[in-house]
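# Commentary on secondary and tertiary structure
What follows is the residue order along each chain.
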Amino acid sequence: MRLRNVRGSREAIAESEYTINLPAEYKGRWKELFGNDNPIRIEIGMGKGKFITELAVNHPDINYIGIEKYSSVLIRAVEKRKELDIKNLFFIRMDAVEICDVFDKEEIDRIYLNFSDPWPKDRHAKRRLTSRQFFSRYNEILKTGGIVEFKTDNRPLFDFSMEEIPETDFNVLAYTYNLHGEKDKRLFEGNVTTEYEEKFVIMGNPICKLVAGRKSENTIN
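We now turn to the structure provided with this report.

The rules behind these values
- Residues numbered from 1 in each chain as written.
- Predicted model: local features only at pLDDT ≥ 70, side-chain atom pairs only at ≥ 80, totals over all residues.
- Heavy atoms only, no water.
- Salt bridge = Lys/Arg side-chain N within 4 Å of Asp/Glu carboxyl O.
- Helix = DSSP H or I, 4+ residues; strand = E, 2+ residues; numbered from the N terminus.
- Buried < 20%, exposed > 50% of the residue type's maximum accessible area, 1.4 Å probe, protein only.
- Pairing = 2+ DSSP bridges.
- Axes fitted to C-alpha atoms, helices over the stretch in contact; angles between N-to-C directions.
- Contact = heavy atoms within 4.5 Å.

Throughout the structure, instances matching the rule amount to 14 salt bridges. Across the salt bridge formed by Glu-198 and Lys-50, the nearest N and O atoms sit 3.3 Å from each other. Placement of Glu-198 in helix H10 (residues 195-203) and of Lys-50 in helix H3 (residues 50-58) is noted, with a sequence separation of 148 residues between them. Take Glu-198: its relative accessible area is 36%, and that puts it in the partly exposed class. The partner of Arg-132 in a salt bridge is Glu-164, with the nearest N and O atoms 2.8 Å apart.

Written out as structure tokens, the structure is:
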């Protein structure tokens, strides 16, 4: 999908007090930024930020970091953030391949992946956020007992993910091919929708969701 360039967005993001411009400097000490020992959860590919912003508002006892590489969409989240009186949400503009340079071993409690780029060509499979290459990175930064939550309307990407995860250090703990239809309590309770999710649900597209955890773990936290 071609993104419309927003003039001045990169500069505005760099100047925002809610954006961390040198995130690698906080590796291993993100708790210092937040000023507490609360769990830290990240969303990779957060887009305009509806999902992670709503989580931050609803859960002040959890710290959130949104990661997005496109300035043209991240700027919308930054603009929304200005209107909120919260202290538990920051943003990083970067490519997800760099997460191990930014977060230390077992520093993150949970990772959210929502409606990620499917990278449909086979030669680009390793770029998918649910590829074994990315799960190897998640294994580095997630705490023991940490989980990955993934939602998409793209069935081929979801099928790929279901096949890929067992080849990693994670197991699929729960999944559904129709989140809003089945309303499985484990997967639907407390569900926060993204911009894409709302659009696809109205269109009648089934939303797939899975929760993955380390192979030594067999429950959803």
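After that view of the structure, there is still more to cover.
Our next topic: the sheet that holds strand S4 (residues 108-114). Ordered by their spatial adjacency, seven strands build an open sheet running S3-S2-S1-S4-S5-S7-S6, and the pairing between neighbours is mixed. In this open sheet, the two strands that pair with only one neighbour each are strand S3 (89-93) and strand S6 (170-176). Strand-to-strand, the axes of this sheet are offset by a mean angle of 20°, without reference to chain direction. With four bridges joining them, strand S1 (residues 40-44) and S4 adopt parallel strand pairing. By the bridge assignment for S4, Glu-43 is matched with Tyr-112. Packing against the sheet, helix H7 (residues 155-164) makes contact with strand S5 (142-152), S6 and strand S7 (208-214), and its axis sits at approximately 20° to S7.

Just distances and angles here, no functional claims.
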